[in-house]
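As a plain string of letters, each chain reads:
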Amino acid sequence: MDPRLNALRQEIDDTDSELVRLLAKRMDISRAIGQLKHELGQPLYVPQREAELIKARRDEAEAAGIPGDLIEDVLRRTMRESYQRQKHQGFRRTGSGERPIVVIGGRGALGGLFVRWLELSNYSVCVIDIDNQHELESAVRDAALVLVAVPVTKTVDVIEQLPNLPDDCILADVTSIKRAPLEAMLRQHSGPVLGLHPMFGPSVPTLAKQTILVAPGRDSQAAQWLLDQFAIWGTQLHEIGAEQHDQAMSMIQVMRHLSTFVYGYHLSKENADLEQLLKLSSPIYRLELMMVGRLFAQSGELYADIILSDQDKMKMVRRYLKRFDNILQLLESEGREGFIREFEKVSLWFGPHAEEFLRESVNLLQHTSDSRS
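Along each chain, residue indices are assigned from 1 in the same order as the chain's sequence is written. Given that this is a predicted model, residues contribute local features only at a pLDDT of at least 70 and side-chain atom pairs are listed and counted only at 80 or more, while totals for whole chains, interfaces and linings are drawn from all residues. For side-chain calculations, the full set of non-hydrogen atoms in the structure is used, while hydrogens and water are omitted.

A. Region of interest: the overall build of the chain. Secondary structure elements are defined from DSSP: runs of H or I of at least 4 residues count as helices, runs of E of at least 2 residues count as strands, and each element is numbered from the N terminus. The helix and strand tally for the chain stands at 14 helices and seven strands. With respect to the principal axes defined by its C-alpha atoms, the chain has extents near 80 × 65 × 40 Å. Here the Shrake-Rupley method, with its probe set to 1.4 Å, supplies the accessible areas, and only the displayed protein chains count as covering residues. Carbon and sulfur atoms form 55% of the exposed surface of the chain, whose accessible area is close to 22,700 Å². A positive count includes Lys and Arg, and a negative count includes Asp and Glu. His and the chain ends are not counted in either. For the purpose of locating charges, the reference atoms are NZ of Lys, CZ of Arg, CG of Asp and CD of Glu. Side-chain charges in the chain split into 44 positive and 53 negative, and the spacing between the mean points of these groups amounts to 1 Å.

B. Spatial organisation of the packing of helix α2 (residues 47-63) against helix α3 (residues 68-86). To get an axis, a line is fitted to the C-alpha atoms, and for a helix only the part in contact is used. The angle between two axes follows their N-to-C directions and goes from 0 to 180 degrees. Between α2 and α3, the least distance of the axes is 8 Å, while the angle of their chain directions is 145°. Crossing geometry of α2 relative to α3 is assigned as right-handed. On α3, the residues touching E50, L53, I54, R57, R58, A61 and E62 of α2 are G68, D69, I71, E72, L75, R76, M79 and Y83. By the definition used in this description, the sense in which the near helix is turned from the far one sets the handedness, with an anticlockwise turn below a right angle giving left-handed and a clockwise turn giving right-handed. By definition, residues are in contact when any of their heavy atoms lie within 4.5 Å.

C. Representation of the pattern of salt bridges. In the sections that follow, a salt bridge refers to a side-chain nitrogen of Lys or Arg positioned within 4 Å of a carboxyl oxygen of Asp or Glu. Under the definition given, this model contains 23 salt bridges. In this structure, E81 and R77 form a salt bridge, with 3.7 Å as the shortest nitrogen-oxygen distance. Taken together, the residues span about one helical turn, with E81 and R77 both in helix α3 at a distance of four residues. Buried residues are those whose accessible area, probed at 1.4 Å on protein chains only, stays under 20% of the maximum for their type, while exposed residues exceed 50% and partly exposed ones sit between those limits. Overall, E81 belongs to the partly exposed group, its relative accessible area being 21%. Note that E334 and R341 form a salt bridge whose closest N and O atoms lie 2.8 Å from each other.

D. Just the sheet that holds strand β2 (residues 125-128), in detail. DSSP bridges decide pairing: two strands pair if at least two such bridges lie between them. Judged by pairing direction, the sheet is mixed, and its seven strands sit side by side in the order β2-β1-β3-β4-β5-β6-β7 without closing on themselves. Lying at the two open borders of the sheet, with one neighbouring strand each, are β2 and β7 (236-239). Neighbour to neighbour, the strand axes of the sheet diverge by 25° on average, direction disregarded. Bridging between strand β5 (residues 193-198) and strand β6 (residues 211-218) involves six bridges; their strand directions are antiparallel. For H197, the partnering residue across the bridge sits in β6 and is L213.

E. Examining the packing of aromatic side chains more closely. Two aromatic rings, drawn from Phe, Tyr or Trp (for Trp, its six-membered ring), form a pair once their centres lie within 6.5 Å of each other, and the interplanar angle then sorts them: stacked below 30 degrees, edge-to-face above 60, tilted otherwise. This structure, assessed with the given rule, holds 13 aromatic pairs. Measuring from ring centre to ring centre gives 5.9 Å for Y123 and W225, while their planes differ by 35°; the resulting arrangement is tilted. One end of the pair, Y123, is in the loop between α4 (109-120) and β2; the other, W225, is in helix α8 (residues 224-232), with 102 residues separating them in the sequence. Grouping residues by exposure puts Y123 and W225 together as buried. Considering the side-chain rings of F339 and F343, the 6.0 Å spacing of their centres and the 40° angle between planes classify their relative orientation as tilted. With F339 and F343 both in helix α13 (residues 312-350), this residue pair falls four residues apart, about one helical turn. For F343, a relative accessible area of 53% corresponds to the exposed category. Every member of this aromatic cluster is reached through a ring pair, and the members are F91, F114, W117, F200, F230 and W233.

F. Layout of a negative patch on the surface. Nonpolar side chains (Val, Leu, Ile, Met, Phe, Trp, Tyr) within 5 Å and like charges within 9 Å form the patches, drawn only from residues with over 30% relative accessible area and no salt bridge. Together, E11, D13, D14 and D16 line one region of the surface with negative charge. Positionally, E11 belongs in helix α1 (residues 3-40).

G. Seen up close, empty space enclosed by the protein. Any residue with an atom within 4 Å of a point lines the site, the site being either a cavity, points on a 1 Å grid over the protein atoms alone where a 1.4 Å probe fits but cannot get out, or a pocket, an open set with protein on both sides within 12 Å along at least 5 of 7 lines. Grid points are joined across faces, edges and corners, and a volume is the space filled by probe spheres set on the points. For the structure on display, the rule yields one cavity of 30 Å³ or more. The volume enclosed by the largest cavity comes to roughly 70 Å³. Every residue lining the largest cavity is listed: G34, K37, H38, Q42, L44, Q86, Q89, G90, F91, R92 and I232. Gly is placed with the polar residues, together with every amino acid not listed as nonpolar (Ala, Val, Leu, Ile, Met, Phe, Trp, Tyr, Cys and Pro) or charged (Asp, Glu, Lys and Arg). Residue classes in the lining of the largest cavity are distributed as three nonpolar, six polar and two charged.

H. Structural context of α2. To estimate how far a helix should extend, the number of its residues minus one is multiplied by 1.5 Å. Relative to the 24 Å expected for 17 residues at 1.5 Å per residue, α2 spans 24 Å between its end C-alpha atoms, a close match to the ideal helical length. Taken residue by residue, α2 has E50, L53, I54 and A61 as its buried positions. One face of α2 carries all of its buried residues, which in axial projection span an arc of 95°. The exposed residues of α2 that point more than 90 degrees off its buried face are Q48, K55 and A63. Directions pointing from the helix axis toward each C-beta atom define the arc.

I. Focus on the side chain of S281. By secondary structure assignment, the location of S281 is in the loop between α10 (274-280) and α11 (283-296). As used in this structure description, the phrase polar contact means that two N or O atoms lie within 3.5 Å; if the pair is within protein, one of them must be able to donate a hydrogen and the other to accept it, and residues adjacent in sequence are counted only when both atoms belong to side chains. At 2.4 Å, the side chain of S281 and the backbone oxygen of L277 are in polar contact.

J. Here's a closer look at α8. Within α8, the full set of buried residues consists of W225, L226, L227, Q229, F230 and I232. Where α8 ends, the next residue or the one after it, G234, has phi of about 100°, a positive value.

K. Examining the environment of M199 more closely. Within the secondary structure, M199 sits in the loop between β5 and β6. Note on M199: relative accessible area 29%, which makes it partly exposed. M199 sits 137 residues away from R336 along the chain, and the two C-alpha atoms are 39 Å apart.

Here is the structure:
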């Protein structure tokens, strides 16, 4: 081995060790910031602060001849780790804490996630599930919040069977449809009502940067402490009407989940060699296959409930299938020219979002490539 190469490699090792020490120091500072945020009741994630920090470090990196994307990748990965660690320090409680919070379905995956985060904020949480339903009436007698976290097919029935709640108790649900549960809650309870839809699964390690959709029901001011609590956890809240929410979910969830299921179903019926597909795949196709496999690593009951939650959504699926058939007919009748014509029409419809999505997907693909051994 050339001694010059050995010397340079030693310099690399020493520099990497220094990077480790600097990252450890940054983690210590982040931990102190998390503790201070807890004391001050400030949110875990502040988008403007993060954006300003990333921009400043990108500018410094590019001035030093280092790609801005490189330092951004390092910082975002470091920040994600910091968010995950800060949750163990707990969070400021925005509600009074003198009255319990009741989570119906709190032993389920998503319900259990909210139980853990509420307990991290020092709330007294009472879990009601199949084995202790007889305790529900006494549990809600002085509740500040009743959160319904049961499968979507059971949500309305559970709401309709609720006993009387305190007048100022918040009644909320966390299902993926909003119109029917919200209407049921408004009928059942005369106090504050909120429809919530967490746009994340129960496996997320932190709620920082996660999105919760909020469908207002009644007396939003009385429910503000709960929304403030979500904000302290780092979630991003987006208010949307129940009808508009359900229409959007037919495209965001139903079509995508069903399309992904059908692709996996087709692969299984073709008895495709997954190991071979993985070996032959470029990063983009590997990522697509990962998304298909991810679906089948989860609960079939969950996805069945989402897809079948509203028969009106099947109309959207039928339109999608019809357009798929239209494109097949176009390919058979007009071939390449017809495809390119329709492709350009859709490209114009996407407008600047197409380039934005391309840039974001390149970053995702780089991470996928980095993870391959």
